[in-house]
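Here are the chains, one letter per residue:
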2 protein chains.
Amino acid sequence: MTREATNHLRVGELAKRTGLTVRALHHYDALGILSPRRRSAAGYRLYGEDDVARLLQALLLRRLGLSLPEVRACLDDPRRSLPAALRAQATRLRQQIAHEQRLLTRLDSLASSFENGRGAATDDLLQTLEMLTMFEKYLDDEQRAALAARGESLGAEHIAAVEAEWPRLIAAVRSAMERGVDPAAPELVPLMQRWGELVRQFTGGDPAIASGVRRMYANEPAVRQRTGLDEGIMEYVARAMAAGKSTG
Amino acid sequence: MTREATNHLRVGELAKRTGLTVRALHHYDALGILSPRRRSAAGYRLYGEDDVARLLQALLLRRLGLSLPEVRACLDDPRRSLPAALRAQATRLRQQIAHEQRLLTRLDSLASSFENGRGAATDDLLQTLEMLTMFEKYLDDEQRAALAARGESLGAEHIAAVEAEWPRLIAAVRSAMERGVDPAAPELVPLMQRWGELVRQFTGGDPAIASGVRRMYANEPAVRQRTGLDEGIMEYVARAMAAGKSTG
DNA sequence: CTTGACCCTCACGCTACGTCAGGCTGTACG
DNA sequence: CGTACAGCCTGACGTAGCGTGAGGGTCAAG
């Protein structure tokens, strides 16, 4: 018959009853959250009833999302720390939820754009993702929805064909520019017609979308680099278009 | 004039342009997320244009909340990892938001109960918090709201008086029980009347609340211990009540 | 006296870097 | 040519909340 067994619990026992691990209790001890009142002669932790009560309160606070130092402060001086800690936790949670909410909407919108054909058409998924993120920056929800709808109505293979045509078209224009061809030269007319057609097909004739895309090209060197559209070509095309219009 | 400067960036430069720290870039290098193609003779990291492009993609993925190993997997093999990673991240976010949402409602409801007088009345804020959490478990929102409303209508000092009276009442009953007084004895009648009155005052006469509280006392030893109401007393009171009713 | 279950105290591992420490490198200035 | 200073390198420890051993006592039962 041991003399000190009566109503004291050893760590394993307490762990089982609270669903914690022995290690966690050790940790709480180290942090001063719950240091058992007594130790056995051999150094075993012996938890009394008040220790158990304190632990239950600690678990309650932890379930509310407080950090262990906060839990400790609340246990040691509830009147001073508890209300502040709860308020702080509430505002933290509100901010984090708001942030994660925004993230989630982004993810969902990206995922749906991804599945709606535009993603499947492009070879490099990451480039597609980058483009989608750019679109998020320069176009609003409605405009992106319109783009997605047009993409779906055109069909995946049509999009693939257009995406394959762009580099050839750009290369042809670049070649003309580098050969010193006058932007107003008649040989550029069919190229510019096709160019305008592709742009109209992409934007659906929406001037807001067209302007957003132009701003994107103006502000994002990465996009220009990826498509091979540098400022020289942009200006050359602009002049050729103007010439075509004024003579057309 | 150094020969290798042209379009390669050193870490500090790249850090400035991306808003990252040098340490972060070192870290990405160590994790294989971005190891610069080249090193200078002295071992300096030299980042080329494709390195920069990869870094931008990595930052995009990280802003979406992916872990660095996930980012690496997506960069290394987008077709296989990217869709899965995005889906996983979306579900993770959804779960976490749901969890935090629940936590926040709990915190808010606790805070409001706290301010509505019941908290200010009790000395030990943590015990109050524990009781409130218990109530969450055994009473629904509506019932707790009813409790809070009654608390407000009664006023803080009335509540304080009642909370001071309970231990005395319990002590008196316990004393009678320990003296072996018959539960049906007339000396218990005024005690039981007062007991019933306090209970009615607390529950507002709502039988659902009364039953919830009874279940709480039945299932939560911690609550019984705190109030000094063990099962013996509960049964003694029940019998005294029954005797009082049948003879009254 | 041994076995097995329990306990003890280090101490390293995890995320995504921050923050030194100690030591080269590159360049500008005197 | 020496030196000062900015910039780079590679470790290595710290963060929150424990998990997961390692190595070694303790206790009741056989």
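Since we're looking at a predicted model, the values are computed, not measured.

## Structural notes on the overall build of chain A
Okay, so step 1: For chain A, the count of helices and strands is twelve helices and two strands.
Okay, so step 2: Taking 248 residues into account, the globule formula puts the C-alpha radius of gyration at 18 Å, and chain A, at 33 Å, lies well above it.
Okay, so step 3: Overall, the C-alpha framework of chain A stretches about 110 × 35 × 35 Å when taken along its three principal axes.
Okay, so step 4: Expressed as a percentage of its 248 residues, the buried residues of chain A come to 23%.
Okay, so step 5: Look at the contacts in chain A between residues 6 or more apart in sequence, and 58% of them connect residues 24 or more apart.

## Quick word on the relation of the copies chain A and chain B
Okay, so step 1: Between chain A and chain B, the superposition needs a rotation of 180 degrees and an axial shift of 0.1 Å, giving an RMSD of 0.2 Å. Both copies are brought into coincidence by an operation consistent with a two-fold rotation axis. Every residue of chain A has its C-alpha some distance from the rotation axis, and the shortest such distance is that of A:I97, at 3.0 Å.
Okay, so step 2: Both copies present the same face, since 100% of the interface residues in chain A are matched by interface residues at the equivalent positions in chain B.

## Describing the protein's contact with DNA strand D
Okay, so step 1: Neighbouring DNA strand D are 20 residues; A:R23, A:A42, A:L68, B:G12 and B:R45 lie closest to it.
Okay, so step 2: Going through the elements one at a time, α2 (22-30) of chain A together with α1 (11-18) and α2 (22-30) of chain B are the ones with two or more residues in the surface near DNA strand D.

## Quick notes on the packing of helix α8 (residues 156-178) of chain B against helix α9 (residues 189-203) of chain B
All names here are of chain B.
Okay, so step 1: Remark: α8 packs on α9, axes separated minimally by 11 Å, with the N-to-C direction vectors making an angle of 145 degrees. Seen along the crossing, α8 lies across α9 with a hand that is left-handed. Counted together, V162, W166, L169, A172 and V173 of α8 and L191, R194, W195, L198 and Q201 of α9 form the full contact between these two elements.
Okay, so step 2: The residue makeup of the contact of α8 with α9, split by class, is eight nonpolar, one polar and one charged.

## Details of the confidence of the model for chain A
Okay, so step 1: Taken residue by residue, chain A gives an average pLDDT of 86. The fraction at 70 or more is 93%.
Okay, so step 2: A low-confidence stretch, residues 1-5 of chain A stays under pLDDT 50, and its non-local contacts, those more than four residues away or across chains, total two contacts.

## Points about the protein's contact with DNA strand C
Okay, so step 1: Around DNA strand C there are 20 residues in total, and A:G12, A:R45, B:R23, B:A42 and B:S67 lie nearest to it.
Okay, so step 2: Every element with two or more residues in the surface near DNA strand C is listed here: α1 (11-18) and α2 of chain A together with α2 of chain B.
Okay, so step 3: Here the residues of the surface near DNA strand C sort into seven nonpolar, eight polar and five charged.

## Details of the interface of chain A and chain B
Okay, so step 1: With 31 residues of chain A at the interface, the matching set in chain B holds 31 residues.
Okay, so step 2: Looking at the side of chain A that touches chain B, the elements that each hand over two or more residues are α3 (49-63), α5 (78-121) and α6 (125-138) of chain A.
Okay, so step 3: Broken down by element, the side of chain A that touches chain B gets its largest block of residues, 19 residues, from α5(A).
Okay, so step 4: Among the residues making up the side of chain A that touches chain B, the classes are represented as 18 nonpolar, six polar and seven charged.

## Things to note about the environment of A:L82
Okay, so step 1: Positionally, A:L82 belongs in helix α5.
Okay, so step 2: Since 22 C-beta atoms lie within 10 Å of it, A:L82 is described here as buried.
Okay, so step 3: With near-sequence residues (within four places) excluded, A:L82 lies in contact with A:C74, B:L125 and B:L126.

## As for helix α6 (residues 125-138) of chain B
Note: α-helices contain 3.6 residues per turn, so residues at a spacing of three or four share the same orientation.
Okay, so step 1: Compared with an ideal rise of 1.5 Å per residue, which puts 14 residues at 20 Å, α6(B) spans 20 Å between its outermost C-alpha atoms and is within 8% of the ideal.
Okay, so step 2: Listed in full, the buried residues belonging to α6(B) are B:L125, B:L126, B:T128, B:L129, B:M131, B:L132, B:F135 and B:Y138.

## What about the environment of A:I170?
Residues and elements named next belong to chain A.
Okay, so step 1: Structurally, I170 is set in helix α8 (residues 156-178).
Okay, so step 2: The exposure class assigned to I170 is partly exposed, which follows from the 17 C-beta atoms found within 10 Å.
Okay, so step 3: Taking the C-alpha atoms as reference, I170 lies 8.6 Å from T227; in sequence the two are 57 residues apart.
Okay, so step 4: Residues within four places of I170 in sequence aside, it is in contact with G228, L229 and I233.

Cut-off values and rules
- Residues numbered from 1 in each chain as written.
- Chains lettered and ligands numbered in written order.
- Predicted model: local features only at pLDDT ≥ 70, side-chain atom pairs only at ≥ 80, totals over all residues.
- Helix = DSSP H or I, 4+ residues; strand = E, 2+ residues; numbered from the N terminus.
- Rg over C-alpha atoms; globule rule 2.2 N^0.38 Å.
- Buried ≥ 20, exposed ≤ 12 C-beta atoms within 10 Å, placed from the backbone.
- Contact = placed C-beta atoms within 7 Å.
- Least-squares fit on C-alpha atoms with pLDDT ≥ 70 in both.
- Near = placed C-beta within 6 Å.
- Axes fitted to C-alpha atoms, helices over the stretch in contact; angles between N-to-C directions.
- Left-handed = near helix turned anticlockwise from the far one by under 90°.
- Nonpolar A, V, L, I, M, F, W, Y, C, P; charged D, E, K, R; others polar.
- pLDDT = per-residue confidence, 0-100.
- Expected span 1.5 Å × (residues − 1).

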